[in-house]
2 protein chains.
Amino acid sequence: MTETGAPQDSPGSGLTLIHPRYLVAVRPQGVVLEEYSVAIEQGMIVSIMSRSESAQAYPQAESIELAEHVLLPGFINAHTHTPMTLLRGYADDMDLDVWLREHIWPAEQEFVGPAFVADGARLAIAEMFRAGTTCFNDMYFFPDVLGEVCREVGIRARIGVPLIETQNAWASDIDSYFEQGLKLHEDWRSEPLLNITFSPHAPYSVSDETLRRVAAYSQELDVPVHLHLLETKWDIKHSLQHHDVHPLVRLKNLDLLNSRLLAVHMTQLSAGDIDQLAQSGVHVIHCPQSNLKLASGICPLDSLLEAGVNVALGTDGAASNNDLDLLSEAQTAALLAKGISGNAQAVDAFQALEMMTINGAKALGLESLTGSIEVGKAADLCAIDLSCPETQPLYHVVSQVIYAASRRQVSDVWVSGRRVLDSGQLTTIDLKEVTGKASQWQSRLSGFGNRKNPA
Amino acid sequence: MTETGAPQDSPGSGLTLIHPRYLVAVRPQGVVLEEYSVAIEQGMIVSIMSRSESAQAYPQAESIELAEHVLLPGFINAHTHTPMTLLRGYADDMDLDVWLREHIWPAEQEFVGPAFVADGARLAIAEMFRAGTTCFNDMYFFPDVLGEVCREVGIRARIGVPLIETQNAWASDIDSYFEQGLKLHEDWRSEPLLNITFSPHAPYSVSDETLRRVAAYSQELDVPVHLHLLETKWDIKHSLQHHDVHPLVRLKNLDLLNSRLLAVHMTQLSAGDIDQLAQSGVHVIHCPQSNLKLASGICPLDSLLEAGVNVALGTDGAASNNDLDLLSEAQTAALLAKGISGNAQAVDAFQALEMMTINGAKALGLESLTGSIEVGKAADLCAIDLSCPETQPLYHVVSQVIYAASRRQVSDVWVSGRRVLDSGQLTTIDLKEVTGKASQWQSRLSGFGNRKNPA
């Protein structure tokens, strides 16, 4: 029980009881409960007990029946660029370098501003809610605008303060990036759902001086650092050419290799690198679909988990994925790890589920608040309907979730107790308005530059 | 125009016009048409013309509006074992050998019979229709029972006559397998949707003598041979030990390496092997998710396509995938090919679409009938609604289908002109009955042997 959940004279008034058929709380590990109920009050999980006990304990509670469903912790998307959803499918089937330099960056240069960020983020969050995601870790320009959208629709987020040596519509120089970022950190102190990260774009695009400031602020304020790292071989080559050392050595020298670092991609790792990551407590954010699609390389997930590195899952932006679907990402992560390692036992279904829930919470420094269904944590929850033919028959609930279920089966989502998806319907986002805006951006972006839109 | 589609006094009576927003007919290659209509009559495609022309040409036709949709050829699942859908998730996260010998085969030995096959197939076809599949290529016992189910629900199928040296509930010895198979071939001569293949299980489980008979019948009757081949390294080792030659040499010596061979899996291929496949016209059936999940190996898709080998896609059975979702399979195939080859341009979205449509038709010897939307072919069609947030904005239709859309968006499916999925509702399958049967099998199978059902 938390302080907000103490029984009163009329137990259960103001309290909601969710009755799923199956409960996979992620903690304790590997357990599937049947006919258990979760009580939530003022946004928090206040009790987990058998269904029959819960009816006696809280006779006045509002009841929500999920007779054919599994209730899970809400999913955590540990790396994305939500506004880039407006660039979904804008440029496909090309290498990272061509994709970025010839297509994505020119379009961003022309169009990115507060409206682009707000409209793209709303579209992204609509998609994420419909896929069970309750928390995400973002890196983009105009984090202030993104924060406003998150507050409005009710999603939990770590929002990156972007740091890059080039000027941008959001900030004229690196001092301005820091200044605005520190202001956001202050402004959001009392926000229940929002926190910042420092998000230097990548070692190749950020100076030593900037990274030193990041390291200092990160330590002083206990704020995570969110960084693209070792996405392709080229990153190592560039570092050796310009800094005379491997990127990991450079980051170590700059005091960034520690448990506040969220290292995204990590497709270029030696056995020694993996040991170093394990020892320093760095979190790895694995984005398998984006890495495959851009032919960046393959993150050695199995070896990382074996070494004890905390690995969470990210979709990356919709411009390189092209969806924000963590269930599909978890399936890809598990299958790819087996295929690449040659070991069908590598990354089992429960480990895949952990990567999209508790491991994400750990990486984002939110483990005390979310990532599992435990008394005292926020009610960040996701229900999946298992009754459709695609998930029948049902022998193992967690296997079915990872290997057979799709996001079409996500029926209900709660963030901090607020039901943002109710029987498949978004309650805080006007879908028609959001897709209408997307259509307007499509018209503007389609006409940009010398684009030929192939099939 | 086919002979059935000649204009009459009152043009369009008895004729249906489908008006999708986008039409991707697959042939001609790479073309996306907007505001075109497809006219179907007596199960055939009789005309493709602009929407305005079609209204003038067929004023009496029944019209079906698909205002936000893309119309595609129905998908072709070129390798599956439909009845095994009842074993979906029965045993996961283990190597092929353990999975087969300790879990799947004992369960099959106990339970496989006409009822298992019929109930599993109906469940599988329900899932396939809901995912846009109009044709599949099966390998299992009781092909006669499977054929009955296909006729009842209206799906196109190549149904394998299983050939294996061990006796089974369906056949007592190899002569009986052949005898029953040849009878099916005769019985189905006038069936519009059904044909057989000869389906020897794998080189390691079938004798030279049986394979010689298969080669002879295949040539005499012009019937494809459907065979698991080079699924793992062990297949080569076994062949060298028992036959002194590599499996491809053995098959060549037995006159099986030709354009009637559907070689499924093919994860163990040298450059020389790939040349030989290209020269001999063998079709490769790629099952990427099953190969990854069982850690069997990775089929070199990019090299095969470059060499000019026809590669189609299969889901394999739901016991090793664990779904029958070709859209997801095509996405995995495209992403994996890029990741493994290190070339982001490998296997673009259109090639992935071809693999799940026209290439499947070619492999199954059904190219004149299905696999593309062309006048004179059967009306095997699939419509995908692109209006939801997951596929907005929309720059490239085919990219969006392969990289962003999911089967939840498949709205309508026609097989030979019969609308088997109508605005998301199955018209020939009673979903409640099908999932009810699955639930009964679940109870029986869960209690079998010394099973511990982990989470």
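The sections below set out a description of the structure shown in this document. Only a predicted model underlies this, so the values are computations on that prediction, with no experimental measurement involved.

Once chain A has been moved 0.0 Å along the axis and rotated by 180°, it coincides with chain B to within an RMSD of 0.0 Å. On the angle and the small slide along the axis, the relation comes out as a two-fold axis. Minimal C-alpha distance to the rotation axis in chain A is attained by R408 of chain A, lying at 2.9 Å. By residue overlap, the copies meet face to face through one surface: 100% of the interface positions of chain A are interface positions in chain B.

Right, let's get into the nonpolar core. Considering soluble globular proteins, one finds that nonpolar side chains tend to be buried as a cluster. Ranked by internal contacts, the top residues of the largest apolar core, which has 255 residues, are I384 of chain A together with I384 of chain B. Sequence-distant contacts of I384 of chain A, defined by excluding residues within four places in its chain, comprise E68, H69, V70, L72, F75, L327, V401, A405, Q409 and V410 of chain A.

Bringing the environment of I340 of chain A into the picture now. By the element assignment, I340 of chain A lies in helix α12 (residues 326–341). Residue I340 of chain A is classed as partly exposed on the basis of its relative accessible area, which comes to 42%. In this structure, the C-alpha to C-alpha distance between I340 of chain A and D235 of chain A, residues 105 residues apart in sequence, is 22 Å. Leaving out residues up to four positions away in the same chain, I340 of chain A has contacts with I298 of chain A together with I298 and I340 of chain B.

When their charged atoms lie close together, side chains carrying opposite charge are able to pair. Tallied over the entire structure, the rule returns 44 salt bridges over all chains. A salt bridge links D119 of chain B to R122 of chain B; the shortest N-O distance between them is 3.6 Å. On the criterion of helical spacing, the pair formed by D119 of chain B and R122 of chain B is a turn pair, its members being three residues apart in helix α3 (residues 114–130). Relative accessible area serves as the criterion here: at 10%, D119 of chain B is assigned to the buried category. On the basis of relative accessible area, R122 of chain B is assigned to the buried category, the value being 18%. Between R122 of chain B and E152 of chain B there is a salt bridge; the shortest N-O distance is 2.8 Å. Taken as a pair, R122 of chain B in helix α3 and E152 of chain B in helix α4 (residues 143–153) lie far apart in primary sequence, 30 residues in all. Among the charged side chains, a network of salt bridges with common partners joins R88, E127, D325 and R407 of chain A.

Attention now goes to the interface of chain A and chain B. Every contact between the two is made by 68 residues of chain A and, on the other side, 68 residues of chain B. Across the interface of chain A and chain B, roughly 5,600 Å² is buried in total on both sides, 54% from carbon and sulfur atoms. Here chain A and chain B share 28 residue pairs in polar contact (both at pLDDT 80 or more) between them. Secondary structure elements with two or more residues in the side of chain A that touches chain B: α3 (114–129), α10 (288–293), α12, α15 (397–404) and α16 (431–446) of chain A. Tallied by class, residues from the side of chain A that touches chain B come to 31 nonpolar, 23 polar and 14 charged.

All names here are of chain A. Contact geometry for helix α5 (residues 174–187) and helix α6 (residues 208–221): axes closest at 12 Å, N-to-C directions at 10°. The angle between the axes of α5 and α6 places the two elements in the roughly parallel class. Crossing of α5 against α6: the hand is right-handed. Facing α5, whose interface residues are I174, D175, F178, L182 and H185, α6 presents T210, R213, V214, Y217 and L221.

Criteria and thresholds
- Residues numbered from 1 in each chain as written.
- Chains lettered and ligands numbered in written order.
- Predicted model: local features only at pLDDT ≥ 70, side-chain atom pairs only at ≥ 80, totals over all residues.
- Heavy atoms only, no water.
- Least-squares fit on C-alpha atoms with pLDDT ≥ 70 in both.
- Contact = heavy atoms within 4.5 Å.
- Core = buried A, V, L, I, M, F, W, Y, C linked by side-chain atoms within 4.5 Å.
- Buried < 20%, exposed > 50% of the residue type's maximum accessible area, 1.4 Å probe, protein only.
- Helix = DSSP H or I, 4+ residues; strand = E, 2+ residues; numbered from the N terminus.
- Salt bridge = Lys/Arg side-chain N within 4 Å of Asp/Glu carboxyl O.
- Buried area = accessible area lost by both parts, 1.4 Å probe.
- Polar contact = N/O pair within 3.5 Å; in protein donor to acceptor, adjacent residues only side chain to side chain.
- Nonpolar A, V, L, I, M, F, W, Y, C, P; charged D, E, K, R; others polar.
- Axes fitted to C-alpha atoms, helices over the stretch in contact; angles between N-to-C directions.
- Parallel < 35°, antiparallel > 145°, perpendicular 65-115°, else oblique.
- Left-handed = near helix turned anticlockwise from the far one by under 90°.

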